[in-house]
Amino acid sequence: RAKADGKSTFRFFEPEMDAQAQARRQLEIDLRSALAAEELEVHYQPLVDLETHDVVGFEALLRWPHASRGYIPPSEFIPLAEETGLITPLGNFALRRACADATEWPEHVKLAVNLSPMQFRVGNIFVTVSEALRESGLAPERLDLEITESVLLDRTDQVIAHLHALRALGVRISMDDFGTGYSSLSYLRAFPFDKIKIDRSFVRGLQGNPQTLAIVRAILGLAEGLDMRVVAEGIETQADLACLAAEGCKEGQGFYFSEARPQGEVLKLLREAPRRQVA
Ligand code: C2E
Ligand code: MG
Ligand code: MG
Ligand code: MG
């Protein structure tokens, strides 16, 4: 159709493209100023022992309260931040804020923070993490860094050297969204991760789906063989939980237990139920 209409099609789409580009540009401007004003929030989703339902840690997740649009989800602003380079200051902000917040939790409660590929390319991630730990006083052993395989896609040797250096500090490294990438298995060989997070696409509808169940079983077996811990993401129902627990998965997170919550609510939860979680 574009060919048939030639120029007219181009003109037809142009204003729409403009509006889209403009909206994106506006969002970038807003994100930049929100970051400068420290208006972004870090919320925390409980990581739960699937047997006892104890809270064993929290994953830090960025939240952007936008003046006119309400909370903008990370799925919308993280990709934008990655394209514009804003993810580096944004990610560093989340890391520092989360480390500081975690020092107010009991010592057995761990913190997981997501790192984006750009944070490995721009600046020195080892220095950034060391400084966040030193400034906050958080013990390195309490920090898990979550990376997706996209982190390992480029400059692999350098990235792996950084990961080893971070682990030498006492920090743990998790592979996030396991199973969704192109070559998850080869990355397991590239670096001995401490933890694998099974992507929530494998957890949803686990029950009653023999294929998915077979995959989850294989991941659990793989992790055991490699001496890596496993966390299941996206546990939404009692059935999801029962199925994972029956398969021997030790740890999980998901809306069944809790969504990410602000620090104030986390502290309240930890005070009221120092070891037990809502479900
Ligand atoms: P992720 O690291 O895989 O984080 C888990 C995502 O799953 C979170 O989405 C969480 O809210 C969502 N989730 C947890 N339990 C459930 C569930 O039971 N059902 C469903 N449907 N979803 C569940 P969120 O907060 O929207 O974050 C999306 C992604 O944005 C994260 O995926 C992570 O890749 C990225 N992100 C968030 N915060 C940061 C950050 O501080 N730095 C970096 N680099 N990336 C971040
Ligand atoms: Mg994560
Ligand atoms: Mg994940
Ligand atoms: Mg995910």
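Residues numbered from 1 in each chain as written. Chains lettered and ligands numbered in written order. Predicted model: local features only at pLDDT ≥ 70, side-chain atom pairs only at ≥ 80, totals over all residues. Heavy atoms only, no water.

The name given to the chain in an unreviewed UniProt entry is EAL domain-containing protein, and the organism recorded there is Hyphomicrobium album.

### Observations regarding the overall build of the chain
The number of helices and strands found in the chain is 13 helices and 9 strands. For the chain, whose C-alpha radius of gyration is 20 Å, the value lies close to the compact-globule estimate of 19 Å for 279 residues. Summarising its shape, the C-alpha atoms of the chain cover approximately 65 × 45 × 40 Å along the three principal directions. Per-residue burial over the chain gives 46% buried out of 279 residues. Across the chain, contacts joining residues at least 24 apart in sequence account for 67% of those joining residues at least 6 apart. (Helix = DSSP H or I, 4+ residues; strand = E, 2+ residues; numbered from the N terminus. Rg over C-alpha atoms; globule rule 2.2 N^0.38 Å. Buried < 20%, exposed > 50% of the residue type's maximum accessible area, 1.4 Å probe, protein only. Contact = heavy atoms within 4.5 Å.)

### As for the coordination of the magnesium ion (ligand 2)
Taken together, the protein donors to the magnesium ion (ligand 2) comprise Glu 59 (OE), Asn 114 (OD1), Glu 146 (OE) and Asp 176 (OD), at separations of 2.0 to 2.2 Å. Each donor residue of the magnesium ion (ligand 2) belongs to the same chain, and together they define the spacing E-x54-N-x31-E-x29-D. Between the magnesium ion (ligand 2) and the magnesium ion (ligand 3) the interatomic distance amounts to 3.7 Å, and Asp 176 serves as a bridging ligand to the pair. Residue Asn 114 is located in strand β4 (residues 110-114), and its partner Asp 176 is located in strand β6 (residues 172-178); the two are separated by 62 residues in the primary sequence. (Donors = N, O, S within 2.8 Å, 3.2 Å for Na, K, Ca; no water.)

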